[in-house]
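# Understanding the architecture of this molecule
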Amino acid sequence: MIILAECEFYLYDTHSLKEKRAILQRMITRVRQQYNVSIAETGHQDLWQRAGISVVAVASSRTSAEREIDRVLNFLMSHSGWEMTESIKQDL
């Protein structure tokens, strides 16, 4: 089973693309180290206060894939420097 989550974030304290990318790289690296998913910045790459992130989990069961995606989304939402404005999960 393959589950895709697409998320949009609003970054409060960034004032340049350089600051935004530093925050995103830290979070993406942490997710890659701690969870069994693929993650990438996929949207709003030219805006410094918005970010689009896609997360994909592959597992033998739907429950396992959804659980891993939910763990990642909870981790991303726990970051105090941004707010999740939209999240869409879908099966592929």
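Everything numeric here is computed off the predicted structure, so don't read it as measured data.

Below, the discussion takes up the side chain of E68. Relative to the helices and strands, E68 resides in helix α2 (residues 62-77). The contact partners of E68, leaving out residues within four places of it in the chain, are Y35, N36, V37 and A57.

So, about the sheet that holds strand β3 (residues 50-58). Spatially, the 4 strands line up as an open sheet ordered β2-β3-β1-β4, and their pairing is antiparallel. Since the sheet does not close on itself, it has two edges, and those belong to β2 (38-43) and β4 (82-91), each with one partner. Averaged over neighbouring strand pairs, the angle between their axes works out to 20° when direction is ignored. Bridge analysis of strand β1 (residues 2-11) against β3 gives 9 bridges, and the strand direction is antiparallel. Bridging across to β3, E6 finds its partner in S54. Each of β1, β3 and β4 is contacted by α2, which is oriented at about 170° to β4, the strand it contacts most.

Rules of the game
- Residues numbered from 1 in each chain as written.
- Predicted model: local features only at pLDDT ≥ 70, side-chain atom pairs only at ≥ 80, totals over all residues.
- Heavy atoms only, no water.
- Helix = DSSP H or I, 4+ residues; strand = E, 2+ residues; numbered from the N terminus.
- Contact = heavy atoms within 4.5 Å.
- Pairing = 2+ DSSP bridges.
- Axes fitted to C-alpha atoms, helices over the stretch in contact; angles between N-to-C directions.

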